[in-house]
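Read off the chains here:
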Amino acid sequence: MFFKGKKNAEANKQVPLSRNLEKNTTHLKQLFSSELNKDFSTREITARYSNKRIKLFFYSSIVNSTKIHEGIIRPLLEAKGENLPSIITLEAIKELTDFDSIIDDINSGNVVLLLEDSKTAYSVNVADFKHRGIEKPENENAVKAPKEAFTESLNVNISLVRKRFHDKQLIAEAKPVGNRSKLDVTIMYVKDVVNNEILENVRERLDQLSVDNVRNIESLEQYIEERPYSIVSSLLYTERPDRAASYLEDGYIVLMMENSSACLVLPVTFWSFFHSEEDRYLRFLFGNFSRIIRLLAFLISLLVSGVYVAVTNYHSEMIPPDLLLAIVSARERVPFPVVFEVLLMEISFELIREAGLRIPNPLGPTIGIVGALIIGQAAVEANIVSPIVVIVVALSGLSSFAVANISMNFTIRITRFLFIFAASFFGMLSLTGAFLLWVMYLASLRSFGVPFLAPLSPSYKSTNDTVFRKIIKNEYFRPGQIKPKDLRKKG
Amino acid sequence: MFKKESRLRSREAFAMIILMIGVKISNTTPSLFAQTGANAMWLMPSISLVVILPSVLLLYYLLKKYEDKNLVELLEDVLGSHIGKVIAFLLFLIFFVLMAIEGRSYTEQLKLLYFPDSPTPFVFFILFAIAFYGAKRGLETIGSASYIFLFYIKASVLLLAVLIFRETITDRIFPIFGNGLKPLVIEGAKKASIFSDVFLLTMAYTSFDSSKKFRLGVLSGFAFVFIEMTFFFFLYCTTFDYNSIDKVAFPFHELTQYVDMGDFFTNIETFFMIFWLFAAFIKYMIYLYFISWIFGAVFNIKEFEPLILPFAFFGIVAGMVPENAVINELVFKSSFMNMITPFFVGFPVLLWLVAKIKGDLRR
Amino acid sequence: MRKRIWLLILFLVPLTGCYDQIEVEQQTYVIAIGIDKTDVEGKFRITFQAANPEVGSTISSGGSQEEPRETVTLVGNDLIATKDTANSVMTKQIALDHTKVVVVSEELARSGEFLRLIQAAARTTELRRSVQIIVSKENASDFLKNNQPLLETRPHKYYQYMLSRATETGIIPEADIHRFFQITEGDADAFLAIYATTQHAEEKIEGNEDQYIAGQIPIEGGNPTQFMGSAVFKEGKMIDVLSGQETRIANILDDTMEMEALYSTYPDPKNKKYRIAANFTKDRPIDVEIDYQKDQPTKINITVPFSIEVIGIPSLVDYSQNGENRSLLEAYIPKFAEEEANNLIKKTQEEYKTDVFYWSLYIRKYFSTIEEYEKADWNHNIYPNAEINVDFKLKQLYFGKMIDDSNIGEVRD
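Predicted model, so just to flag it, every value in this text is computed and none were measured.

The rules behind the values
Residues numbered from 1 in each chain as written. Chains lettered and ligands numbered in written order. Predicted model: local features only at pLDDT ≥ 70, side-chain atom pairs only at ≥ 80, totals over all residues. Heavy atoms only, no water. Core = buried A, V, L, I, M, F, W, Y, C linked by side-chain atoms within 4.5 Å. Buried < 20%, exposed > 50% of the residue type's maximum accessible area, 1.4 Å probe, protein only. Helix = DSSP H or I, 4+ residues; strand = E, 2+ residues; numbered from the N terminus. Contact = heavy atoms within 4.5 Å. Buried area = accessible area lost by both parts, 1.4 Å probe. Salt bridge = Lys/Arg side-chain N within 4 Å of Asp/Glu carboxyl O. Polar contact = N/O pair within 3.5 Å; in protein donor to acceptor, adjacent residues only side chain to side chain. Phe/Tyr/Trp six-rings, centres within 6.5 Å; stacked < 30°, edge-to-face > 60°. Lys NZ or Arg CZ within 6 Å of the ring centre and 35° of its normal. Nonpolar A, V, L, I, M, F, W, Y, C, P; charged D, E, K, R; others polar. Domains from an automatic or database assignment. Expected span 1.5 Å × (residues − 1). Pairing = 2+ DSSP bridges. Axes fitted to C-alpha atoms, helices over the stretch in contact; angles between N-to-C directions. Patch = residues over 30% accessible without salt bridge, like charges linked within 9 Å, V, L, I, M, F, W, Y side chains within 5 Å. Areas by Shrake-Rupley, 256 points an atom, 1.4 Å probe, with all protein chains shown as cover. 1 Å grid on protein atoms, 1.4 Å probe; cavity = no way out; pocket = protein on both sides within 12 Å on 5 of 7 lines; lining within 4 Å. Points joined across faces, edges and corners; volume = space filled by probe spheres on them.

Chemist: Teacher, can you tell me more about the nonpolar core here?
Modeler: Here is a general trend for soluble globular proteins: nonpolar side chains tend to be buried in one another's company. Ranked by internal contacts, the top residues of the largest apolar core, which has 307 residues, are L220(A), I253(A), L255(A), F290(B), F344(B), F347(B) and F233(C). At 23 residues, helix 12 (residues 269-298) of chain B tops the list of elements feeding residues into this core. Sequence-distant contacts of F344(B), defined by excluding residues within four places in its chain, comprise I52(B), S55(B), L91(B), I94(B), F95(B), S193(B), S196(B) and F199(B). In this structure, I290(C), V304(C), Y373(C) and A376(C) belong to the second largest nonpolar core, which totals 56 residues.

Chemist: Looking at this structure, how should I read the interface of chain B and chain C?
Modeler: Size of an interface: often given as the accessible area lost when the parts come together. Every contact between the two is made by 36 residues of chain B and, on the other side, 31 residues of chain C. Interface area, chain B with chain C, both sides summed: about 3100 Å², of which 50% is carbon and sulfur. Viewed at the interface, chain C and chain B are joined by four salt bridges. For E269(B), the salt bridge identified is with R128(C), shortest N-O distance 2.5 Å. At the boundary of chain B with chain C, the tally comes to 17 residue pairs in polar contact (both at pLDDT 80 or more). At the level of elements, helix 5 (81-113) and helix 11 (251-258) of chain B are the ones that each hand at least two residues to the side of chain B that touches chain C.

Chemist: Any chance you could explain the packing of aromatic side chains here in plain terms?
Modeler: For any pair of aromatic rings, the description rests on two quantities: the centre-to-centre distance and the angle between the ring planes. In total, this model carries 85 aromatic pairs over all chains according to the counting rule given. Ring geometry for F270(A) versus F298(A): centroids 5.4 Å apart, planes at 80°, classification edge-to-face. With a gap of 28 residues between them, F270(A) in helix 10 (residues 270-274) and F298(A) in helix 12 (residues 284-314) connect regions that are remote in the sequence. By relative accessible area, which is 5% here, F298(A) ends up buried. Between W271(A) and F274(A) the ring centres are 6.1 Å apart and the planes differ by 80°, which places this aromatic pair in the edge-to-face class. Placement of the pair is W271(A) and F274(A) together in helix 10, with a separation of three residues, close to one helical turn. Assigned by exposure class, W271(A) and F274(A) land together as buried. An aromatic cluster of three or more residues is present, and its members are F95(B), Y106(B), F124(B), F128(B), F199(B), W276(B), Y284(B), Y287(B), F343(B), F344(B) and F347(B). The positively charged end of R294(A) is found above the aromatic ring belonging to F274(A), 5.8 Å away from the centroid.

Chemist: Is there a simple way to explain the interface of chain B and chain A in this structure?
Modeler: At the interface, 40 residues of chain B touch 39 residues of chain A. Summed over both sides, the interface between chain B and chain A buries roughly 3600 Å², with carbon and sulfur atoms accounting for 71% of that surface. Here chain B is connected to chain A by one salt bridge. The salt bridge involving R446(A) is made with E140(B); its shortest N-O contact spans 3.4 Å. At the junction of chain B and chain A, the tally comes to eight residue pairs in polar contact (both at pLDDT 80 or more). For the side of chain B that touches chain A, the elements supplying multiple residues, two or more each, are helix 1 (10-22), helix 6 (120-136), helix 7 (139-165) and helix 12 of chain B. Examining the composition of the side of chain B that touches chain A, we find that 10 residues originate from one element, helix 12 of chain B, more than from any other. Of the residues in the side of chain B that touches chain A, the class split is 25 nonpolar, six polar and nine charged.

Chemist: What's the story with the domain arrangement of chain C in this structure? I'm lost.
Modeler: Residue and element names in this part refer to chain C. What the domain assignment lists for chain C is domain 1 (20-259) and domain 2 (261-413). The C-alpha centroid of domain 2 is placed 30 Å from the C-alpha centroid of domain 1. Listed by partner, the interface residues are 32 residues for domain 1 and 34 residues for domain 2. The largest contributions to the domain 1 side of the interface with domain 2 come from D189, L253 and D255, which together make up 26% of the buried area.

Chemist: Quick question: what am I supposed to make of the side chain of R416(A) here?
Modeler: All names here are of chain A. Mapped onto the secondary structure, R416 falls in helix 17 (residues 406-444). Residue R416 is classed as buried on the basis of its relative accessible area, which comes to 0%. With residues near it in sequence (within four places) discarded, R416 still touches S301, L302, S305, E346, E350, S396, G397 and S400.

Chemist: Teacher, can you tell me more about helix 6 (residues 155-169) of chain C here?
Modeler: Within an α-helix, residues lying three or four positions from one another point in the same direction, as the helix has 3.6 residues per turn. Residue and element names in this part refer to chain C. For helix 6, with 15 residues, the first-to-last C-alpha span of 21 Å sits near the 21 Å given by 1.5 Å per residue. Taken together, the buried positions of helix 6 are P155, H156, K157, Y158, Y159, Q160, L163, A166, T167 and T169. In the segment just after helix 6, G170 is the residue with positive phi, at about 85°.

Chemist: So what exactly am I meant to see when it comes to the environment of G346(B) here?
Modeler: Residue and element names in this part refer to chain B. Within the element layout of this structure, G346 appears in helix 14 (residues 325-358). Exposure remark for G346: the relative accessible area of 28% places this residue in the partly exposed category. Along the chain, G346 and I52 lie 294 residues apart, while their C-alpha atoms are 9.5 Å from each other.

Chemist: Can you help me understand the sheet that holds strand 7 (residues 183-190) of chain A in this one?
Modeler: The strands making up a sheet associate through hydrogen bonds between their backbones, and the pairing can be parallel or antiparallel. Residue and element names in this part refer to chain A. The strand order across the open sheet formed by five strands is 6-7-9-10-8, and the pairing between neighbours is antiparallel. Both outer strands of the open sheet, strand 6 (170-177) and strand 8 (236-238), are each paired with one neighbouring strand and no more. Pairs of neighbouring strands in the sheet enclose a mean axial angle of 25°, with direction left out of account. Helix 7 (residues 196-208) rests against strand 6, strand 7, strand 9 (253-257) and strand 10 (263-266) of the sheet, and its axis sits at about 175° to strand 7.

Chemist: What is the right way to look at a nonpolar patch on the surface in this model?
Modeler: Residue and element names in this part refer to chain A. A contiguous nonpolar patch, built from F284, L285, F286 and I471 and spanning about 380 Å² of accessible area, is present on the exposed surface. Within the secondary structure, I471 is located in the segment after strand 12 (450-451). For I471, a relative accessible area of 41% gives the class partly exposed.

Chemist: Sorry, what's going on with the pairing of strand 9 (residues 237-242) of chain C here?
Modeler: Where a strand is regular, its side chains alternate between the two sheet faces. Residues and elements named next belong to chain C. Inspection of the sheet shows strand 8 (residues 226-234) paired to strand 9 by five bridges, in the antiparallel sense. Bridge pairing in strand 9 places A231 opposite V241. Joining the antiparallel neighbours strand 8 and strand 9 is a turn of two residues, in which E235 adopts a positive phi near 50°.

Chemist: What exactly am I supposed to notice about empty space enclosed by the protein here?
Modeler: Over the atoms rolls a probe the size of a water molecule, and in doing so it shows where empty space is left. All names here are of chain B. Taken as a whole and assessed by the stated rule, the structure comprises seven cavities of 30 Å³ or more. Taken as a whole, the second largest cavity spans an internal volume of roughly 140 Å³. Surrounding the second largest cavity, 17 residues form its lining, G22, S26, I153, K154 and V157 being those nearest its centre. Residue assignment for the lining of the second largest cavity shows that the elements contributing at least two residues are helix 1, helix 7, helix 10 (211-239) and helix 12. Of the residues assigned to the lining of the second largest cavity, the class counts are 12 nonpolar, three polar and two charged.

Dropping the structure here:
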């Protein structure tokens, strides 16, 4: 058994506490290598209520010391009372009997109190992990939308979601993951809406993980996805709490972890990657307009370079004569074939993009603009590429930014290269074939059992929120493809 | 996860049948019809329909009666294992030969019109390689892809119809019976196998969400594609005069080459070629998949999907047998279509008679 | 290692491409093709006129001294096969995809050899069915050489604009290869091709704005090339030339022609010295009634609904206010038009023995099979003997935006 959750930990062989405080202390100190671990702290006091020695163990770096002082040490020194829980004024206090759970608790920022002549230890939550405050979303910008984004703290994130969705059925179930460093993965769902099969599937996958450590959502995504080699992701990564809340409401499942300023939504369809939350905040016409533009950007980004290569290499009759002659006159002095030209520019565009991402902040904007302009302009003037290729590549690059989701963005950029190769191979014949097979590949995918292109095909009873959405008043159903328990949303 | 239910609904059946038969509008079939029909060939699909429709309805009636059986299972159930298998194997042979012949015809069109310098086997290979990879993804994916692309394919066809409409002259359909009513009816009846794909699709009878949805989809798609075919044949008849129409080998491509969108987009045939290719690819995916399926069913091979590769290969080999495209079209395809028509008209009647005598229908 | 080899092959593909891969700049785009007769039967002089991409393009800096077009003439047996021979002069592979016109010399057209050559061309996919057929009075090679447009120096633009505008005004017919084949193979009717020339006739005839054929128009300045009138092809052989005016009438009487409004002048019924300028619009399809009897002459009644917008009355007769004058004009214009139409019909019946209006379409209804229809013989039997009656029906008469003309007498006072 590699996966010890808290619940089944009791079933395992455990080391119980002994009555001897010294013995316990030595054991615990040994476990945490206290002579090496600088921030592992021990404090011994004599409690007033029982006149017995009590030892406090904690990591000084992850606890709130004021809380310890005000809520534990002072009451123990000053207050009188029947037993320990009645003296300590802090909210959560737990009784522990074995070393395993003591270790877990200390690691997650609790203070553990060992009592003289007692087989029970007490654990008080005084954790104070440091994290950023709530900031604006960095990657999923929007004009007309709430500006809060998730931050690297689980509690804050859950609070951000609960703030948006007040329902007693909204469950935040914790599931520990990792053999060595145990971290909770929080599964959020609405209990009377979510589909049990999918939920069970997620729980199973989390249970089956056998790794020492899963640090955050980003690695978790790769641990639980079905097809690691696939060109598309099967989980949606979002940093917007409003988006997470709206998915929860529709019956989706949201995964969260400490240390990640985002959450994972599952199951996903193609449309989850295509939509942006702002589409729903904008009015019917405006939202759909921006969707058309995005669809256009999607197609341009995928196909324009490939089509240009195919048309100029194999189907020159298709180009209107004026444009054709313009292309010819520009290309007469270019020393490379069209494919090479396009690949050259596409690769330099990707270079600018990658470099722009890694470059230190103050240099960023300069390099971006200068790089693009200089490479484009100078390459044209040096007759290395023709100006039309610069337009084509710039168009496809620009359009790729309109596909905001990072996973889909990569999908498109990689596919674009595939299409350029296909187009150069046999013109429109192979390009059409490649596109068809690509779409069929998407259609054959399933994310946690849900067809990737649903509800376009296969169809389900839903609001048919695919390329276009309906007027918000007419959205009666939850997405039928994820089989929610409660299909009807309103009306 | 939701393994029990099928993804295939009536709209997928609708799309599949339209693509399978609809593609025939745009290949050499119209020119085959024009050889005898001349400017009256737009009437011929109606005659073919009248000939084939009773058998189609009979077969679907039997499938409904026998519930939960696909074509081969039905054949074996009614006619007994041996005779049923023989007929099913005949079906397999017919569709395999059809696939090979039409595959060759497509290749020749592509080669002649768009890739004149490429060798035929190479174009053939690419066509079938793509169809093979698509067929490998399974029936559900093929169904979904058919539905997704159906709209765009038909939209492009509609655009073509609108663009060519300016060039058509309605009076060209007169004299109304072309070369005479008698040859028209005879030839139309002989070529009734143009709708044979309706029989092929019954292999998937049990794979759909419900058999009712399947019937609804196929029969409405059938009606749609019949109207579309008549309409397009009508367009061909009104674009080309009666003396020219039988000289045109690929009327669809002649139209796409002829039309223009204003003065600037004058050569837009490649645009239509894209959608035509989508349809053709999907058609061969369906064909490859179903042929392997029938073969698998006849020889009790449960996992028939590995068979798709050899059949794609043999399809190319068989398609390369005729020496040139004209022989392929005018000799092989025409006489083959005539040959198989009685079979398709006959076998559902045979099934029905046997079932009637056995008393199965009174259940 | 095997993976690496595969990857290498994969990257080689785009650099070489497959059989039909060709870069755009490796092709020459022929815009016009000229065909002439030679002394040897079965051989033709073929002229290719290609556009020079470097002229008129702002992208390229150099090469502006080059000619906007390259014209090459050579002798060959077949249009497509001659393409390769032309490569002895032209540097790149010749593409006919963007060809706009085929120019045929009148000599060749009249010899009937033309059909042979153009039929071979229709077999290839390169030459589109929408290519227009032009018949030139002189040799096609001379026509292409002498045609030096001043404004639209790029040849494809020149033909595109020239043909589309001239067709709109009706002085030349729409004459694409597709129509040529449909009519010629249909073996009834005559086909009208565009008539043009770069040679000016010696004697200029005095005529009204459309009563010329190409070469006769007294124009000063501009390009020497004139497009006017049409060449009549019967059974693939040219038999006559129609003037611009006759071509217009043929266009009006033929519903399969796209005919827009045209400006024309009519004699002033009150003052014969002047002519009235008017805009003629055929706003509905013509109505053809045919009374076909097997052994009697066929009766054909044609009604042409049209409307007239009067734009200029130089005689200053008051036609708009004065009711009497107006009804005079309303009666006069149709009569005038009918007269012109009847002249043309008579000419076609007697001289050509076939029509130029594609009217054989209307008689087909009376036959149920092609056999019967061909037996009845439109060209030899029905049309030349038919009693044809043309009726121009003036539906509306407008008078432009001015209510009345200024009285010249008063102005001069």
